[in-house]
Amino acid sequence: MTKKYQWIVAMLVAILFLGLITNTIFPNKAPNLKVSSTKGEAMMIYDKNYKFTIINFWATDCPGCIKEIPQLADTYNKYKKQGIQIIAVSMFYDPPSQVLNFIKKNDIPFPVVIDADNKIAQRFENIRLTPTSVLINQKGQIIDQIVGEIDFDNLEKLLSKNL
């Protein structure tokens, strides 16, 4: 390999290494967004008063979303006194009346936000697939993003470490 190519390979390795270190030392921060729930509650999408936050992007016609809602409700009810916050964010294409009917029918205990203008999903790196859950620690750091249904056994382990 010529010196020119060795230099290019060395630079690429350095860039990759720097990217890994930067992401570890400076993890992604949750966006600072003020939202309103379907009940009219004003809140921040992330609030440092909670030890752990789950932002769940979902849709009323998504089979995986529908399947995980009861387990999210159980998780919320189990851990809310220990400092968990769950916010369900309905996707922009979901008609608000359909979302409100779904909330009522399924007795969702945590706040639901309608992302009618798609601004919340865009601020979370343009989320398009449902369900997608973003896990945020008390420092506002995004510690995981789960595309697809949540593995509630793994979530339970994570919560036991963070609450």
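Each remark here, short or long, concerns the structure printed above.
Residues numbered from 1 in each chain as written. Predicted model: local features only at pLDDT ≥ 70, side-chain atom pairs only at ≥ 80, totals over all residues. Heavy atoms only, no water.

Asker: Please explain the nonpolar core as it appears in this structure.
Answerer: Within soluble globular proteins, side chains that are nonpolar tend to cluster in buried spots. Judged by nonpolar contacts, the single largest core of 44 residues is most densely connected at Ile45, Ile55, Phe57, Phe110, Ile120, Phe124 and Leu155. When contributions to this core are tallied by element, the ones reaching two or more residues are strand 3 (52-58), helix 2 (63-79), strand 4 (84-90), helix 3 (96-106), strand 5 (112-114), helix 4 (119-123), strand 6 (132-137) and helix 5 (152-162). Looking at this core, the element that brings in the most residues is helix 2, giving six residues. In this structure Ile45 touches Pro31, Leu33, Val35, Thr53, Ile55, Ile87, Val89, Ile120 and Phe124, once residues within four positions along its chain are discounted. (Core = buried A, V, L, I, M, F, W, Y, C linked by side-chain atoms within 4.5 Å. Buried < 20%, exposed > 50% of the residue type's maximum accessible area, 1.4 Å probe, protein only. Helix = DSSP H or I, 4+ residues; strand = E, 2+ residues; numbered from the N terminus. Contact = heavy atoms within 4.5 Å.)

Asker: How should I be thinking about helix 2 in this particular structure?
Answerer: Three or four residues apart is the spacing at which side chains of an α-helix point the same way, because the helix has 3.6 residues per turn. An ideal rise of 1.5 Å per residue puts 24 Å on 17 residues; helix 2 measures up with 25 Å between its terminal C-alpha atoms. The largest bend in helix 2 is about 35°, located at Ile69, with the proline Pro70 one to four residues further on. By the burial criterion, the buried members of helix 2 are Gly64, Cys65, Glu68, Ile69, Leu72, Ala73, Thr75, Tyr76 and Tyr79. (Expected span 1.5 Å × (residues − 1). Bend = angle between axes of the 7 residues up to and from the residue.)

Asker: What am I meant to see in the state of the cysteines here?
Answerer: Simply put, disulfide is the name for a covalent bond between the sulfur atoms of two cysteines. One pass over the full model with this rule turns up one disulfide. The disulfide partner of Cys62 is Cys65, and the gap between their sulfur atoms is 2.4 Å. Around the S-S axis, the bridge from Cys62 to Cys65 shows a dihedral of about 80° and counts as right-handed. Residue class for Cys62 comes out buried when judged on its relative accessible area of 6%. (Disulfide = S-S within 2.5 Å.)

Asker: Just to check I follow, could you spell out the pairing of strand 4 for this structure?
Answerer: When a strand is regular, its side chains alternate between the sheet's two faces. The element strand 4 is largely enclosed, with a buried count of seven among its seven residues. Neither face of strand 4 is exposed, since Ile84, Ile86, Ala88 and Ser90 on one face and Gln85, Ile87 and Val89 on the opposite face are all buried. With helix 2 bridging strand 3 and its parallel neighbour strand 4, the resulting β-α-β unit is right-handed. Strand direction decides the pairing type here: strand 4 and strand 5, joined by three bridges, are parallel. Directly across from Ala88, in strand 5, lies its bridge partner Val112. (Right-handed = clockwise from strand over helix to strand, strands pointing away. Pairing = 2+ DSSP bridges.)

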